[in-house]
Amino acid sequence: MKRTIRKAAVLGSGVMGSRIACHFAGIGLQVLLLDIVPKEAEGSSDKVARNKLVNDALQSAVKSNPSPLYHKEALRRIETGNFDDDLHRISDCDWVIEVVVERLDIKRSLFDKVEQHRRKGTLITSNTSGIPIHLMTEGRSDDFRKHFCGTHFFNPPRYLRLLEIIPTPETDPSVVDFFMHYGDLFLGKTTVLCKDTPAFIANRIGVYGMMAIFRLVERMGLGIDEVDALTGPIIGRPKSATFRTADVVGIDTMVKVARGVYDNCPDDEARESFTIPAWLDKMVAQNWLGDKTGQGFFKKTRGAGGEKEIFTLDLSTLEYGPRKKPKFGTVEAAKPIEDLKERLKALCTGMDKAGDFYRHFHYGLFSYISHRIPEITDEPFRVDDAMMAGFGWEIGAFESWDVLGVAKTVESMKKAGYSVSPWVEAMLAAGHKAFYKVEGGKRLCYSPATGGYVGTAAPGQESAFIVMRNFEGSTVWKNAAARAYHLGDDVLGLEWYTKMGSIGGEVLEGIQHTISLAEEKYRGVVIANEGPNFSAGANVAMIFMLSIEQEWDEMEMAIRMFQNTMTRARYSSVPVVVAPHGLSLGGACELSLHADKVCPAAETYIGLVEVGIGVIPGGGGTKEFVLRAADEMHDDEPETITLKNRFLSIATAKVATSAQEAFGLGILRKGLDEVVYNQGRRIAEARKSVIELQEAGYVTPVRRKDIKVLGKSALGALYAGIHGMVLAGYATEHDSTVARKLAYVMCGGDLSEPTLVSEQYLLDLEREAFLSLCGEKKTLERIQSVLKSGKPVRN
């Protein structure tokens, strides 16, 4: 049957329930959020009192940072109520998800009540993180059991992309297929099919990894700061690494999962790894549970001067002391290596303590994951998908094994006393050298069940996921920073792989050359990449160098090239579609502003932030905001209102916290640009858009010469506002200088009356203002500060 989810009921408004409700509302669903009646209101008829618990929980979620909502307007889609008065309202819901406390008796009791009101055929799921799914269906009707499964979201559900789908033997296969597809396409998740085993996939592997590290800490005499330095971004893991992650998740939660695995997995060959060390037991007994209790492996204190300090726990004494900044020769040598795979190779061949740690760390992990097939899943790629989407790993465990060489590592593991599951050796004996391979742009993974390779995408969905690097064999052009591929269907794809995705001369060359190639013999161009972020903007280091050396002619040439490249994207004879994700700042935002269409991931943080280094957007961004402001002016409102709003967006370096929010800032265009909830689908959607635009009879846009600028009539008002900000202490004199330059450009100069001007006129003003600001001492100081921090430009 064809299923459509229009309305969902979320039963339980705790940390997870309230945030799941927000995520559902964010993608457009009507949501009913229910919870218990507070004890003090049980005998009351006051609806406000009876719904206080659920309403307080929802408001707490909405106020949390980062926001669980893509846009505040989504909150209107959430209705609240309580189990006693409102459970009957689930009868008009298409999906009911239970998110109450992790106790089987409470869940069963709630399901008893749900059965009285649930409409036949309605999907019913549990968000449990570890209770066996099949135990919840005991005593339930046939229809309930047929439509029931586990849907395990990770916290925070908007940001962590994993959704584990756990069916029971009685779950209708069509229900499983529906959730695998719906979670992917509409919820934007990496949906991973799991077997109904303790802790499912991600928590089983993740908690094993933590417990194994605890053993290595004791064995190798390592401290907490040392381990977190070794297990964070340097190996493609989150900044929270190991011990900080435990504090965030909750040490009691981690211990609970570990004990659950120990108690319920008697045949796990690494079962003893899940025994709780004495020092960890003592921490739990003393209520040192991490962030939730104010101290765990780390403790925040205040120094004599009132400044915040973070102390680290010494595991041998259980006393806190100042944080240390450990240094290892192997790590220092590997830091300059940008490519994660090459960096992993270097780390695992180190000859110091860090090298020993990395070898044992990986050997233990590889041994464990090999033995979990087919216990927790039949396909190795599902383990990698779960860990990357749920724990934020940049590279999966089996993929890491491929990088280090499967056969070579197996031999080393055996010498070091680590066992390997027989299916891995059978794979090698059959002549298969790696778990993954790419054929025809599609990624395949070895399947022990078939003895061959299978696709990693769901049947029929292979073309919905495009990964640029999988098309390396179809490279049509490249330079040191960028590469253009033939993505199939006569569409070119351009990606670059600079640090933080910065846009310099070689990237601009890549954009121009790829468009030229497409104009010769292809349908169009998709611009995207596979980095952690799309781009943090223009190459700030180059701007700093040219400014310091006062190479103004070269600077002018560089700015002109940037402007020309953006103009090339706008006025090419083929469609150019940009598919950004993550940080898309400054020059990356300007590129999106000039594209024929933008297909951003929902988690795209986009904005013009150049004032953060003391300049204005100089790659056409200022011009484009003036053009759009002119097009948005209406006879029934003052002309300066629209321009002022656009001016403030640039002057305050506003960054959209989601793609949806970018529509409100005027960066994305309603009815044209298209948000893609699953980041992995955005490149395929962009390719599809190129084809649609081309087949609809795409023609080169006409260069604009009719842009209305307001001149002195608006310039005076903006100058007055800027002066007021300085007087009130909200802006510095340098801020004022930058803002006045921006206002001058956006008003078209000091023209005596409103005038129609061309794009080139505005680009020339923009370029002149940018150049003049680069000579300001304060601008150079800001640029230098940004370069030292290594962080993206922000206001």
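This text follows the structure it describes.
Below or above, wherever it landed, is the structure these notes cover. (Residues numbered from 1 in each chain as written. Predicted model: local features only at pLDDT ≥ 70, side-chain atom pairs only at ≥ 80, totals over all residues. Heavy atoms only, no water.)

### Observations concerning the pairing of strand 5 (residues 123-126)
Next up, step 1: Residues of strand 5 alternate between two faces, with Leu123 and Thr125 on one and Ile124 and Ser126 on the opposite face, all of them buried.
Next up, step 2: Two strands pair when backbone bridges link them, and strand 4 (residues 95-98) and strand 5 are joined in this way by 4 bridges, in the parallel orientation. By the bridge assignment for strand 5, glutamate 98 is matched with serine 126.
Next up, step 3: Crossover handedness for the path strand 4 to helix 5 (residues 104-117) to strand 5: right-handed.
Next up, step 4: Bridge count between strand 5 and strand 6 (residues 148-153): 3 bridges; the pairing is parallel. Within strand 6, the residue paired with isoleucine 124 across the bridge is phenylalanine 148. (Buried < 20%, exposed > 50% of the residue type's maximum accessible area, 1.4 Å probe, protein only. Helix = DSSP H or I, 4+ residues; strand = E, 2+ residues; numbered from the N terminus. Pairing = 2+ DSSP bridges. Right-handed = clockwise from strand over helix to strand, strands pointing away.)

### A few points about the nonpolar core
Next up, step 1: Ranked by internal contacts, the top residues of the largest apolar core, which has 126 residues, are Val10, Phe24, Trp95, Phe153, Trp496, Ile527 and Leu591.
Next up, step 2: Sorting elements by how many residues they give to this core places helix 30 (residues 759-774) first, with 7 residues.
Next up, step 3: Isoleucine 527 has contacts with Leu494, Trp496, Ile511, Phe534, Val576, Val577, Val578, Ala579 and Leu591, leaving out every residue within four places of it along the chain.
Next up, step 4: Formed by 109 residues, the second largest nonpolar core is a distinct cluster that contains Leu216, Met254, Ala389 and Val406. (Core = buried A, V, L, I, M, F, W, Y, C linked by side-chain atoms within 4.5 Å. Contact = heavy atoms within 4.5 Å.)

### Looking at helix 12 (residues 278-285)
Next up, step 1: If you check which residues of helix 12 are buried, you get Trp279, Leu280 and Met283. Considered in projection along helix 12, the buried side chains sweep an arc of 100 degrees and stay on one side of the axis. Those residues of helix 12 that are exposed and aimed more than 90 degrees away from the buried face are Ala278 and Ala285.
Next up, step 2: On its buried side, helix 12 packs onto helix 8 (202-220), helix 11 (251-264) and strand 10 (308-314).
Next up, step 3: Residue asparagine 287 follows helix 12 closely and has a positive phi angle near 65 degrees. (Arc of directions from axis to C-beta.)

### Focus: the pattern of salt bridges
Think of it this way: side chains of opposite charge can pair up when their charged atoms draw near.
Next up, step 1: For the coordinates displayed, the defined rule picks out 55 salt bridges.
Next up, step 2: For aspartate 56, the salt bridge identified is with lysine 52, shortest N-O distance 2.6 Å. Taken together, the residues span about one helical turn, with aspartate 56 and lysine 52 both in helix 3 (residues 52-63) at a distance of 4 residues.
Next up, step 3: A relative accessible area of 45% means that lysine 52 is categorised as partly exposed.
Next up, step 4: For glutamate 102, the salt bridge is made with lysine 107, and the minimal N-O distance between the two is 3.1 Å.
Next up, step 5: Taking the relative accessible area as the measure of exposure, lysine 107 reaches 0% and is therefore buried.
Next up, step 6: A network of salt bridges, in which partner residues are shared, links Lys7, Glu79, Asp86, Arg89 and Asp92. (Salt bridge = Lys/Arg side-chain N within 4 Å of Asp/Glu carboxyl O.)

### Thoughts on unusual backbone geometry
Next up, step 1: Following asparagine 155, the chain continues into proline 156 via a peptide bond in cis, with omega recorded as 0 degrees.
Next up, step 2: Considering the arrangement of structural elements, one finds proline 156 in the loop between strand 6 and strand 7 (162-167).
Next up, step 3: For the peptide bond that leads from isoleucine 373 to proline 374, omega is 10 degrees, which places it in the cis range.
Next up, step 4: The residue proline 374 is located in the loop between helix 15 (353-371) and helix 16 (380-391) in this model.

### Focus on the environment of threonine 642
Next up, step 1: Along the chain, the position of threonine 642 falls in helix 25 (residues 639-651).
Next up, step 2: Overall, threonine 642 belongs to the buried group, its relative accessible area being 9%.
Next up, step 3: Sequence-wise, threonine 642 and methionine 136 are 506 residues apart; in three dimensions their C-alpha atoms are separated by 56 Å.

### Describing the side chain of threonine 80
Next up, step 1: Mapped onto the secondary structure, threonine 80 falls in strand 3 (residues 78-82).
Next up, step 2: Of the residues examined, threonine 80 reaches a relative accessible area of 18% and is grouped as buried.
Next up, step 3: A distance of 2.7 Å separates polar atoms of two side chains, one belonging to threonine 80 and the other to asparagine 55. (Polar contact = N/O pair within 3.5 Å; in protein donor to acceptor, adjacent residues only side chain to side chain.)

### Re the packing of aromatic side chains
Describing an aromatic ring pair means giving the distance of the ring centres and the angle of the ring planes.
Next up, step 1: As enumerated under the stated definition, the model contains 33 aromatic pairs in all.
Next up, step 2: Ring plane angle 75 degrees and centroid distance 4.7 Å describe the contact between phenylalanine 243 and phenylalanine 297, whose orientation is recorded as edge-to-face. Here phenylalanine 297 lies in the loop between helix 12 and strand 9 (298-302) and phenylalanine 243 lies in helix 10 (residues 243-249), a separation of 54 residues in the sequence.
Next up, step 3: Judged by relative accessible area, phenylalanine 243 falls into the buried class, the value being 0%.
Next up, step 4: Among the residues examined, phenylalanine 297 registers a relative accessible area of 0% and is labelled buried.
Next up, step 5: Ring geometry for tyrosine 363 and tyrosine 418: centres 5.8 Å apart, planes at 65 degrees, overall edge-to-face. Pair noted here: tyrosine 363 is in helix 15 and tyrosine 418 is in the loop between helix 18 (406-415) and helix 19 (422-429), with a separation of 55 residues, a long-range link.
Next up, step 6: Over the face of the ring belonging to phenylalanine 625 we find arginine 646, whose NZ or CZ atom lies 4.5 Å from the ring centre. (Phe/Tyr/Trp six-rings, centres within 6.5 Å; stacked < 30°, edge-to-face > 60°. Lys NZ or Arg CZ within 6 Å of the ring centre and 35° of its normal.)

### Side note on the sheet that holds strand 11 (residues 319-322)
Sheet strands associate in pairs through backbone hydrogen bonding, adopting either a parallel or an antiparallel arrangement.
Next up, step 1: Here we have 3 strands laid out as an open sheet, ordered 9-10-11, and antiparallel in their pairing. Of all the strands in the sheet, just strand 9 and strand 11 have a single pairing partner and so form its edges. Direction aside, the axes of adjacent strands within the sheet are offset by 40 degrees on average.
Next up, step 2: As judged from the 5 bridges shared by strand 9 and strand 10, these two strands associate in the antiparallel manner. Along strand 10, the bridge assignment pairs phenylalanine 298 with threonine 312. (Axes fitted to C-alpha atoms, helices over the stretch in contact; angles between N-to-C directions.)

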